[in-house]
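Structural overview
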Amino acid sequence: MKTLSLANRSAPHLAITQSTRNLRIKPRVYTSVCVNCKLSTSTPDVVVVGGGIAGLLAANVFSKQVDKVLLVEKDDINGSVESETFQQTARRRRGVPHIAQPHQLVIGAVQALDTLLPNFRAEAIAAGGLDLDLGKHVFYYDYNGYFPREVSGLKGLGVSRRFVEERIRDRVLKEGKESGTLEVIGGKVEKFLWEGNDVKGVKLCENREIHISLVVDATGRSSDTATKLAEHNLPRPRLVCVNPNVASASRIVKMPKDFEKNHDWLLLVCKSQPNGKRGGTLLPTENGRWQVTLAEIGGDGPENTDEGFLEFAKSLPDQTMYNILKQCEPVTPVMKYLAMRNEMICYHEIDMPRGLLAIGDSVMRLNALYGQGIGASSQSVVLLKQTLSRALKDATSESERKQVLNTLGATFQPLLAKNLMPAWNLATKADLKYPTTTTNVPLDPPSSTDKLITDTLLTAAQSNAIVYHRLLEVAHLTAPPSKLFTDARTWVPLMRTFTKKIIFSIFF
C-alpha cells in the first residue's frame, strides 16, 4: 500500500466546463471581516460554528436544551431552490460543492432526520422530493450482472443536497425563532479564548469576544480546530487519510418526458467491479431531474465536455445510462470534483479540552461516491441529542448545567468515534482494495478471504432479493454488517453461493 504525506496537501478544487471554456473555481479565501456580525446583548450558552447540515441540526438540538445558542456561519445560508440556479447556490455556499459532489440520502440519514425533525421525510415529499423504495426503484448493475428490483420497504428520498439543506434550515430557524433560543449571525471565528487548557469562548471579528460554556465545531472540511489546538501547545489529533484517487465529474440533467410513467426505476447505479474501475450514477432529485456522476478510480475520469462526458458513459459495462443521457437536456455544465478521499480526525485519541466539541465533517469525511456522508453526520447529531439529554437529566442548578456543557466534548468524542466506525469501515475497506489507493498511515488492504466474502455477498444478492435487501440495509447505515450472517434468510443462500465458489476455485 502506498503512503503519502499530508503536509502540503492542497485544498480540493472544482473545474467547470461550459462548451469549450474551462473555468476553475478556486478555493475560497475568507477574510476576517464578518458579513453580519451583530449579536444581541444576551450571552449564549453554546456557540455552534458552521451552518451546514451538521451545524444546523446540532444548533437545533442545543436550542431545545439550553437558554441561548449562537450559530455562526461565514457563508450566506439564505436563498432557495425556487429562486436561484444550481450555479448561484454553489457561489453562495462555496463551502459545499452542491453540483459537483454526488449526494444521496441513505436510509440512515432519512431516519435520523425524521428523529431530529419529526415528519421530515413526509414534508420533503410534499415539497417535491421523490418517494423511493430502494429495492424496487433502483436499477443496479455490478459484478457483471443485475440486481433484483423488488419491493423492499426500504424507504429512501430523492432530493438534491441544496433541497435537503434548505428544508433543514427552514425548520431549524423557524423553531429557533419561535422558542427564542437560537440566534444566527454571519461571520468567522478568528480564534478560541483560553483559560489554561480549557476553551472559554471565541473571538469574532472586530475583537468581539464571547464567553460561553461550549464551542461546537461543525465547520466541515475547512475545520482548523486541530491547528488551533497545536498553536496552544496541545496535542494535535491524528489524521488518517485513505485516498482512492478518484476522478469524477457531475452535472444536472432533466429526465426525459414521461420517464417516470414508462419505467419502473428512478435511480441508476452502474459499476464495473470486480475488475473495472469505472462507474456512474443517476440520482433522482426534485423537479424531475437527475444528478449524473461518472467516476474512475486511478484514472483521469471523464473529460469535462459534453462529448467527453457522454463518451465516458458509453464505456460503462451496461449501456442504459448512456442511452438515457442522449435523451436528456443538460441543466448545468459538467463539473469535475477531485476530493473523494476519506479522512478521520481522531479527537477520541486525545484529552479533549473542556468547552470544545467537534462533529460532522469536522471529524470524518467520506468518499462521496458512497453517499454516506450526510447519513453519518445526521446520525452523529442523534447521538449528540441522546448524550446531552442523559448528561442534563440530573443537572438541576445553573452551575451544574454549565458544567455538563463544559465537559460534554470529553464524553461525546469517544462515543462519536464508535458511532462513526461502521460508515468509516464500509468506505475505507472498499477503497483499500484498489492498488492506486494511498494512505498517510500504514493500513492493510483487504485479504483474499475478505475479497471472497465480498464476491460471495454480491453474487448471492444478484439472485436473492432478501440478501440484496440486507446488503442495502448495511450500505444505508441502518443495520450492522453482522446482520448479513445472523439472519437465517440470508445465511443459507450465502453458504450455498460460497460453497459453489470454493468448488469452482478448486476444480477450475
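All of the points below concern the structure found in this document. None of the values given here were measured: they were computed from a predicted structure.

This part covers the sheet that holds strand β11 (residues 191-195). Taken together, the three strands give an open sheet; going across it, the order is β11-β12-β13, and neighbouring strands pair in antiparallel fashion. In this open sheet, the two strands that pair with only one neighbour each are β11 and β13 (209-211). The average angle at which neighbouring strand axes cross in this sheet is 35°, direction not considered. Summarising the sheet, β11 and strand β12 (residues 198-203) pair through five bridges and their orientation is antiparallel. Within β12, the residue paired with leucine 193 across the bridge is glycine 201.

Turning next to the sheet that holds strand β4 (residues 46-49). Taking strand neighbours across the sheet as the criterion, the five strands line up as β10-β5-β4-β14-β23 in an open arrangement whose pairing is parallel. Edge strands, defined here as strands with exactly one partner in the open sheet, are β10 (182-186) and β23 (356-358). The sheet shows a mean angle of 20° between the axes of neighbouring strands, taken without regard to direction. Summarising the sheet, strand β5 (residues 69-73) and β10 pair through five bridges and their orientation is parallel. Bridge pairing links valine 72 to isoleucine 185 in β10. Helix α1 (residues 53-63) rests against β4, β5, β10 and β14 (214-217) of the sheet, and its axis sits at about 170° to β5. Contacts between helix α11 (residues 398-432) and the sheet are confined to β4, β14 and β23, with β23 contributing the most and set at about 30° to the helix.

Bringing the packing of aromatic side chains into the picture now. In this description, an aromatic ring pair is defined by two values, namely the gap between the centres and the angle between the planes. Taken as a whole and assessed by the stated rule, the structure comprises ten aromatic pairs. Look at phenylalanine 139 and tyrosine 146: their rings are 5.7 Å apart centre to centre, the planes differ by 80°, and that puts the pair in the edge-to-face class. Note on tyrosine 146: relative accessible area 45%, which makes it partly exposed. Taken together, the aromatic side chains of Phe139, Tyr141, Tyr146, Phe259, Trp265 and Trp290 make up a single cluster linked through ring pairs. Its guanidinium or amino end placed over the ring of phenylalanine 163, arginine 167 lies 4.6 Å from that ring's centre, counting from NZ or CZ.

Thresholds, definitions, all that
Along each chain, the written sequence defines residue order, and numbers are assigned to residues from 1. Under the rules for a predicted model, residues below a pLDDT of 70 receive no local features and side-chain atom pairs below 80 are neither given nor counted, while totals for whole chains, interfaces and linings still include all residues. Side-chain measures here rest on the full set of heavy atoms in the structure, leaving out hydrogens and waters. Strands qualify as paired when DSSP identifies two bridges or more between them. Numbering of helices and strands runs from the N terminus; a helix is a DSSP stretch of H or I covering at least four residues, while a strand is a stretch of E covering at least two. Between N-to-C directions, angles span 0 to 180 degrees; the directions come from axes that are lines fitted to C-alpha atoms, helices contributing only their stretch in contact. Whether two residues touch is decided by their heavy atoms; if any such pair falls within 4.5 Å, the residues are in contact. Only Phe, Tyr and Trp rings take part, Trp by its six-membered ring, and two of them pair if their centres are within 6.5 Å. Stacked means planes under 30 degrees apart, edge-to-face means over 60, and tilted covers everything else. When accessible area is computed with a 1.4 Å probe and restricted to protein chains, residues below 20% of their type maximum are described as buried, those above 50% as exposed, and intermediate ones as partly exposed. We call a charge positioned over a ring when the NZ of a Lys or the CZ of an Arg lies within 6 Å of the ring centre and within 35 degrees of the ring normal.

Shape is all these values report; function is a separate question.
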